[in-house]
Amino acid sequence: MFRQALLLWGEGGMAEFELHPQLLADTHWIGDLPLCRVLLMNNSNFPWLVLVPRRVGLRELFELSDDDQLQWLAECNLISRVLVAELAAEKLNIAALGNMVPQLHIHCLARFQSDLAWPAPVWGKAPAVAYLDEALIELLTRLRAALHRGGLVFVDAS
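Note that the structure is predicted; figures quoted are calculated from it, not measured.

Draft legend 1. Focus on the pattern of salt bridges. A complete count under the given rule lists six salt bridges for this structure. With its nearest N and O atoms 2.8 Å apart, the salt bridge here joins R55 to D68. Residue R55 is found in the loop between β5 (48-53) and α2 (66-87), and its partner D68 is found in helix α2; the two are separated by 13 residues along the sequence. Between E86 and R149 there is a salt bridge, with its nearest N and O atoms 3.2 Å apart. With E86 in helix α2 and R149 in helix α3 (residues 133-150), the pair connects residues that are 63 residues apart, well separated along the chain. Because the salt bridges share partners, they merge into one network encompassing D32, R37 and R54.

Laid out in structure tokens, this is it:
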């Protein structure tokens, strides 16, 4: 199992980053980029990644420091390139909603004209269908390899 908390140095000293319980329940850990934890939403209807900046107490993108905003943009661009190159996404949907989960997180979805919700937003269109074990392992392996080539840093969970 991978560690879901990471100690970070903040203005007030050490603060602990923790993944919101709903994100923890709904996703699979892929790895950590310099700023963001990268997660796969456990919904096989849509290839759906989530970027969670490992900063404590943030709800909105503008709350990231200027340097973190630039880092987030670079990481979002990397995720976008991977979704297009590896999954042949026809369109990307990128959004930071946070209406249900207050922790800052950004959805990055690969969209296809053949998907269940096309061309509408995916939220509420179909019940989530969890990945089968074999498909999950194959997709996680594929995404991790592609992201590793782009700079993904794996964190030891022990």
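Draft legend 2. The packing of aromatic side chains, seen in detail. Scanning all chains against the criterion turns up two aromatic pairs. With 6.5 Å between their ring centres and 70 degrees between their planes, F46 and W48 make a pair best called edge-to-face. A relative accessible area of 7% places W48 in the buried class. Each ring, one from W48 and one from W123, has its centre 5.5 Å from the other, and the planes form 80 degrees; the classification is edge-to-face. Placement of W48 in strand β5 and of W123 in the loop between β7 (106-111) and α3 is noted, with a sequence separation of 75 residues between them. For W123, a relative accessible area of 38% gives the class partly exposed. One aromatic cluster is present, formed by F46, W48 and W123 through successive ring pairs.

Draft legend 3. The nonpolar core, seen in detail. Counting residues in each nonpolar core, the largest one holds 32 residues, and the members touching the most others are I30, L40, L51 and I79. Mapped by element, the contributors of at least two residues to this core are β4 (36-41), β5, α2, β7 and α3. If we skip the residues at most four places from it in the chain, L40 touches D26, T27, H28, I30, W48, L49, Y131, L136, L139, L140 and L143. Counting 14 residues, the second-largest nonpolar core is a separate cluster that includes W29, W48, V52 and V101.

Draft legend 4. Region of interest: the side chain of D68. The class of D68 is buried, set by a relative accessible area of 13%. At 2.8 Å, the side chain of D68 forms a polar contact with the side chain of R55. Setting aside anything within four residues of it in sequence, one finds D68 in contact with L35 and R55.

Draft legend 5. Focus on unusual backbone geometry. Residues W118 and P119 are joined by a peptide bond in cis, for which omega reads -5 degrees. Within the secondary structure, P119 is located in the loop between β7 and α3.

Draft legend 6. Expanded view of the environment of W29. For W29, the position within the fold is in strand β3 (residues 27-32). Residue W29 is classed as buried on the basis of its relative accessible area of 7%. Placed 111 residues apart in sequence, W29 and L140 show a C-alpha to C-alpha distance of 8.7 Å.

Analysis parameters
- Going along each chain's sequence as written, the residues are numbered from 1 onward.
- Restriction of local features to residues with pLDDT of at least 70 applies here, the model being predicted, together with a cutoff of 80 or more for giving and counting side-chain atom pairs; totals for whole chains, interfaces and linings are based on all residues.
- With hydrogens and water excluded, all non-hydrogen atoms of the structure serve as input to the side-chain values.
- What makes a salt bridge here is a side-chain nitrogen of Lys or Arg within 4 Å of a carboxyl oxygen of Asp or Glu, nothing more.
- A run of H or I in DSSP counts as a helix once it spans at least four residues, and a run of E counts as a strand once it spans at least two, with each numbered from the N terminus.
- Aromatic pairs are defined between Phe, Tyr and Trp rings, using the six-membered ring for Trp, whenever the two ring centres lie within 6.5 Å; interplanar angles under 30 degrees are classed as stacked, those over 60 as edge-to-face, and all others as tilted.
- Exposed residues in this analysis have more than 50% of their type's maximum accessible area, buried residues have under 20%, and partly exposed residues fall in between, with area computed by a 1.4 Å probe over protein chains only.
- For our purposes a nonpolar core is just a set of buried Ala, Val, Leu, Ile, Met, Phe, Trp, Tyr and Cys residues, chained together by side-chain atoms within 4.5 Å.
- Contact criterion: two residues are considered in contact whenever any of their non-hydrogen atoms come within 4.5 Å of each other.
- Polar contact is the term for a pair of N or O atoms within 3.5 Å; when the atoms are in protein, one must be able to donate a hydrogen and the other to accept it, and sequence-neighboring residues count only if both atoms are side-chain atoms.

Scope: geometric values only; no functional claims are made or implied.
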